[in-house]
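For reference, the chains in residue letters:
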Amino acid sequence: MKKILFIALCLVAAVGCNASLGDVKGIKNISGVDVSKGDDGNYVTSYEGALIPDDDEWSDGRSEMIYILTLIGEQKGAINDELFYERLTTKILDVEERFMYLHDTTGEDPDHWSWASDWVGGQMTYDMIFDAAGDAYVRRYLSCAYHEVDRYLHENGYKGYHSVSQWHYDSDTHTLYTNDASTYQAQVLYFDGDKAVLRGYIYPMWMYYDPTDHFGYRRECPMELYLVNFTDGRDTFLEGYELTWEDIEKLIEEFGY
């Protein structure tokens, strides 16, 4: 997945540019957004120091990210933490959009936001449920590397498997923690009862790069941005996902991978 996009990402040198304020006029005053006019007369838009996507042949997601930033600007008053907790423990958290802040440690490319829907070859977004006991259940799918095991699972009525992590919510900072070590944390920036915008990391989503990959090309991910929906169907959330990773490991061994 990473190598497929390597060439394309190398060619993204001017994301976030626009000849006029145009579509960013409504977000220019939002905290974290910077709209500045370059020497060439084009407006360059960044969020938290990274360029937002530009709708061109190499990247997409500009309108989706502008929509998310617009929502952040529409948050009125403090986050309703009690209602947010209630939604977490009674609904499914469905990640609709995901953007990754990419920092090139070699300095070859500018910091920029990458839309998850531009990536192929792996699972980029996840559905989750949270219980009051502190367990978070995540639905997962096997990678294409295990196609025989995956075919066996589907033939036997399984869509994938699930994993479990620990979670808690800090209402003082409006921050959701989604793993045991609390390294996965995301702050709620917008919440209207049905959808929310969070910035940080939601387990298991955190884009990172193996330093042995990409022919010496390095990228880090200082933060991610998510648009999530709270949907029904919690009671049947694990149907078809009853297996755990331990169960999958046994099947992988049986199939000789």
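Up top you'll find the structure we're talking about.
Quick caveat, the model's predicted, so the values are computed rather than measured.

Peer 1: Help me understand the overall build of the protein chain in this model?
Peer 2: Assigned secondary structure in the protein chain consists of five helices and 15 strands. Taken across its 257 residues, the protein chain has 46% of its residues classed as buried. Intrachain contacts of the protein chain at a sequence separation of at least 6 include 67% that bridge at least 24 residues. Taken as a whole, the protein chain presents about 12700 Å² of accessible surface, with 47% of it coming from carbon and sulfur.

Peer 1: Honestly, the pattern of salt bridges in this entry has me stumped. Any pointers?
Peer 2: For side chains of opposite charge, pairing can occur when their charged atoms come near one another. In this structure the tally under the stated criterion is nine salt bridges. Residues Arg 219 and Asp 109 are paired through a salt bridge, measuring 3.0 Å at the closest nitrogen-oxygen approach. Of this pair, Arg 219 sits in strand β14 (residues 219-220) while Asp 109 sits in the loop between β5 (92-104) and β6 (112-115); the two residues are 110 residues apart in sequence, bridging distant segments of the chain. Across the pair, Asp 109 and Arg 219 agree in class, each one buried. A cluster of three or more residues bridged by salt bridges with shared partners is formed by Asp 23, Asp 54 and Arg 62.

Peer 1: Explain the nonpolar core to me, please; I cannot follow it from the model alone.
Peer 2: Across soluble globular proteins, nonpolar side chains show a tendency to be buried alongside one another. Judged by nonpolar contacts, the single largest core of 32 residues is most densely connected at Phe 84, Leu 198 and Val 228. Those elements giving two or more residues to this core turn out to be α3 (81-90), β5, β7 (127-130), β8 (135-140), β12 (185-191), β13 (195-200) and β15 (224-231). With four residues, β5 is the single largest residue contributor to this core. Discounting residues that sit within four places of it in the chain, Leu 198 has contacts with Phe 84, Leu 176, Ala 186, Gln 187, Val 188, Glu 224, Leu 225, Tyr 226 and Val 228. One finds Tyr 47, Ile 68, Leu 189 and Met 223 within the second-largest nonpolar core, a separate group that totals 23 residues.

Peer 1: It is not clear to me how a negative patch on the surface should be interpreted in this structure. Could you clarify?
Peer 2: A contiguous patch of negative charge, built from Glu 246, Glu 249, Glu 253 and Glu 254, is present on the exposed surface. With respect to the element layout, Glu 246 can be found in helix α5 (residues 245-254).

Peer 1: I'm lost on the packing of aromatic side chains in this one. Help?
Peer 2: Going through the model one piece at a time under the given rule, you end up with 16 aromatic pairs. The interplanar angle of 90 degrees and the centroid separation of 5.3 Å between the aromatic rings of Tyr 184 and Trp 206 together place this pair among those described as edge-to-face. Remark: Trp 206 occurs in the loop between β13 and β14 and Tyr 184 occurs in the loop between β11 (175-177) and β12; sequence separation between them is 22 residues. Taking the relative accessible area as the measure of exposure, Tyr 184 reaches 15% and is therefore buried. Relative accessible area serves as the criterion here: at 30%, Trp 206 is assigned to the partly exposed category. Site record: aromatic cluster; members linked through ring pairs are Phe 84, Tyr 169, Phe 191 and Phe 230.

Peer 1: Could you clarify how one ought to interpret the pairing of β6 in this entry?
Peer 2: Look at any regular strand and the pattern is simple: side chains alternate between the two faces of the sheet. Residues of β6 alternate between two faces, with His 112 and Ser 114 on one and Trp 113 and Trp 115 on the opposite face, all of them buried. Here four bridges tie β5 to β6, and the two strands are oriented antiparallel to one another. The residue of β6 that forms the bridge with Met 100 is Ser 114.

Peer 1: What is the right way to look at the side chain of Arg 98 in this model?
Peer 2: The topology assignment puts Arg 98 in strand β5. A distance of 2.7 Å separates a polar side-chain atom of Arg 98 from the backbone oxygen of Met 124. The contact partners of Arg 98, leaving out residues within four places of it in the chain, are Ser 114, Trp 115, Ala 116, Met 124, Thr 125, Met 205, Trp 206, Met 207, Glu 224, Leu 225 and Tyr 226.

About the criteria used
Within every chain, residues take consecutive numbers counted from 1 along the sequence as written. Where local features are concerned, this predicted model is filtered to residues with pLDDT of at least 70; where side-chain atom pairs are given and counted, the filter is 80 or more; whole-chain, interface and lining totals use all residues. Heavy atoms from the whole structure form the basis of all side-chain values; hydrogens and water molecules are not counted. Each helix is a run of DSSP H or I of at least 4 residues and each strand a run of E of at least 2, with the numbering of both proceeding from the N terminus. To sort residues, take the accessible area from a 1.4 Å probe on protein chains only and compare it with the maximum for the residue type: under 20% means buried, over 50% means exposed, and anything in between is partly exposed. Residue contacts are defined here by distance: any two heavy atoms, one from each residue, within 4.5 Å place the two residues in contact. Computed with the Shrake-Rupley method and a 1.4 Å probe, the accessible areas treat only the protein chains shown as cover for residues. Just to be clear on terms, a salt bridge is a Lys or Arg side-chain nitrogen sitting within 4 Å of an Asp or Glu carboxyl oxygen. What is meant by a nonpolar core is a set of buried Ala, Val, Leu, Ile, Met, Phe, Trp, Tyr and Cys residues, joined one to another through side-chain atoms within 4.5 Å. Like-charged residues are merged into a patch within 9 Å and nonpolar side chains (Val, Leu, Ile, Met, Phe, Trp, Tyr) within 5 Å, provided each residue has over 30% relative accessible area and no salt bridge. When charges are counted, neither His nor the chain ends are considered; positive counts come from Lys and Arg and negative counts from Asp and Glu. Charge positions are represented by NZ for Lys, CZ for Arg, CG for Asp and CD for Glu. Side-chain rings of Phe, Tyr and Trp (the six-membered ring for Trp) are treated as a pair once their centres are within 6.5 Å; stacked means planes under 30 degrees apart, edge-to-face means over 60, and tilted covers the remaining angles. Here a strand pair is declared whenever DSSP counts at least two bridges between the two strands. Distance and chemistry together define a polar contact, namely a pair of N or O atoms within 3.5 Å, with one atom able to donate a hydrogen and the other to accept it when in protein, and with adjacent residues in sequence counting only for side-chain atoms on both sides.

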